[in-house]
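These are the residues of each chain, in order.
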Amino acid sequence: MKRIAPFLLFLCSFISFGQQEKPKKYFSLDASYFYGSILEHNPDIAHLITDHPNGFLISYNRKTYGLEKWESRYNYPDFGYSFIYQDMKNTNLGENYSVYGHFSFYALKRLLMFRIGQGIAYTTNPYDPDTNYLNNAYGTRFLSSTYLMGNFRKENIIGGLGVNAGVTIIHYSNADTGSPNHSTNTFTLNVGLNYLLDHNNQPDYIPGDKAEKYTEPFHYNFAVRSGFNTSGVVGSPKLPFLTLSAYADKVLNHKSTLQGGAELFFSRSLEEFINYQAAAFPQKGTKGDEDSKRLGLFVGHKLTFNKMSLITQLGYYAYYPYTDYVEQVYNRVGLERKITDDWRASVTVRSHGANAEAVEFSIGYRL
């Protein structure tokens, strides 16, 4: 019995520890009506700008109070999910329904909010060569969508209810997964309400350790990026591409990491484009046997939020034999997820200015 008693005490302690409640999570809701205008970023979509689009945005947000250290480093942001309905006010463009993941950041005693959302949109009336040939903005029914929001926001004015108002920019594009793809950008004014769930039981913000310093030595990384895209010519097929990247990174602190390296691009769509140009426009000098490979050099920055990171990179095609396809300078923006200490996965968009070439799905290894 004397031997069993300590074991029972340990077992009860273990069960008690296992049944301890996890930290409570806190949430809020907000809804806004918006009204605005499609920006003429490209003269080719001028015929689609006929009225002022409107719609609404609903979001579900998880509040942070510093229970994890990264939360205080970013002044206790919110993150969650959004839904946007937008009537484009043009018969050829139709209506868009979108879902997003988003982050919201605060300043000026949390009265000013900046939000970025990334997601997928469904458009009701995409391009069709027979029935909707005027829609040269959306070449596919499913689109990539990003929205940026800057709002004045006041929470918990009366019984958890608050107000918000500001501006929102909503972007729709399929990143050349189909053609045509001139995309749209809508600038809107928005006004709405927000509601703090469990508003009578909100915790205090836990201050972070501002003196905390963190750095790491240089690390070497390898990544494989792939997906499907088109050559940008209407009717061109969806073809695979492959990018092999090797780069070094230097962690400066808990937030920022600098990157620099090289990558080799293989694109079936560029091969298709070269063949098309040689056959359709021989007077331009394209023969059809030009090398479609590209070698890029890039520098970048990674902004880390716990296991998620925002990637921004700027590159230059140092080897680019066929230069009539896209600009020689490119940029990459996207999100990376830490899977283990060594493995990463990401979804990024590689563009040339406002011209998106591809959505890249990547897997990477960090030495």
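All residue numbers here refer to positions counted from 1 along the written sequence of the relevant chain. Whole-chain, interface and lining totals are the exception, using all residues; otherwise, since this is a predicted model, local features are given only for residues with pLDDT of at least 70 and side-chain atom pairs are given and counted only at 80 or more. Neither water nor hydrogens contribute to the side-chain values; these are computed over all heavy atoms in the structure.

Caption draft 1: Main features of helix α3 (residues 268-280). The end-to-end C-alpha separation of α3 is 18 Å, in line with the 18 Å expected for 13 residues at 1.5 Å each. Contact definition: two residues touch when any of their heavy atoms are within 4.5 Å. Secondary structure elements follow DSSP: runs of H or I no shorter than four residues count as helices, runs of E no shorter than two count as strands, and numbering proceeds from the N terminus. Those residues of α3 that are buried lie in contact with β9 (219-229), β10 (239-251), β11 (256-267) and β12 (294-305). In the analysis that follows, any N or O atom pair within 3.5 Å is treated as a polar contact, provided that within protein one partner can donate a hydrogen and the other can accept it, and provided that, for residues neighboring in sequence, both atoms belong to side chains. The backbone nitrogen of Ser269 has a side-chain oxygen 3.4 Å away, supplied by the residue at the start of α3, namely Ser267. How far a helix is expected to stretch is found by multiplying one less than its residue total by 1.5 Å.

Caption draft 2: Expanded view of the side chain of Asp30. In this structure, Asp30 sits in strand β1 (residues 26-38). With relative accessibility at 5%, the residue Asp30 sits in the buried group. Polar contacts involving the side chain of Asp30 include one to the side chain of Arg115, which spans 3.1 Å. Within the structure, Asp30 has its side chain in polar contact with the side chain of Arg153 (distance 3.5 Å). The contact partners of Asp30, leaving out residues within four places of it in the chain, are Leu57, Ile58, Ser59, Asn61, Arg115, Arg153, Asn164, Leu193 and Asn194. Burial classification: accessible surface area is computed with a 1.4 Å probe over protein chains only, and a residue below 20% of its type maximum counts as buried, one above 50% as exposed, and the rest as partly exposed.

Caption draft 3: Inspection of the environment of Leu303 at higher detail. Note on placement: Leu303 falls in strand β12. With relative accessibility at 24%, the residue Leu303 sits in the partly exposed group. For the pair Leu303 and Ala280, spaced 23 residues apart in sequence, the C-alpha to C-alpha distance is 45 Å. Aside from chain neighbours lying at most four places away, what touches Leu303 is Tyr74, Lys255, Ser256, Met308, Ser309 and Leu310.

Caption draft 4: Up close: the pattern of salt bridges. By salt bridge we mean one thing: a side-chain nitrogen of Lys or Arg within 4 Å of a carboxyl oxygen of Asp or Glu. This model, assessed by the stated rule, comprises 20 salt bridges. Here Arg294 ties to Glu357 by a salt bridge, and the two come within 2.8 Å at their closest N and O atoms. A residue pair is termed long-range when its members are at least 10 positions apart, and Arg294 in strand β12 and Glu357 in strand β16 (residues 355-366) qualify at 63 residues. Given a relative accessible area of 2%, Glu357 falls into the buried group. Note that Glu336 and Arg344 form a salt bridge whose closest N and O atoms lie 3.9 Å from each other. Judged by its relative accessible area of 7%, Glu336 falls in the buried class. When its relative accessible area of 9% is taken as the criterion, Arg344 is described as buried.

Caption draft 5: Here's a closer look at the pairing of strand β15 (residues 343-352). Whether two strands pair comes down to DSSP finding at least two bridges between them. Of the strand pairs in this sheet, strand β14 (residues 329-338) and β15 are connected by eight bridges, and their pairing is antiparallel. Looking at β15, one finds that Arg332 is bridged to Arg350. From the end of β14 to the start of β15, which pair antiparallel, there are four residues. As judged from the 10 bridges shared by β15 and β16, these two strands associate in the antiparallel manner. Looking at the pairing, Arg344 lines up with Gly364 of β16.

Fair warning: the whole summary comes from geometry, so function is off the table for now.
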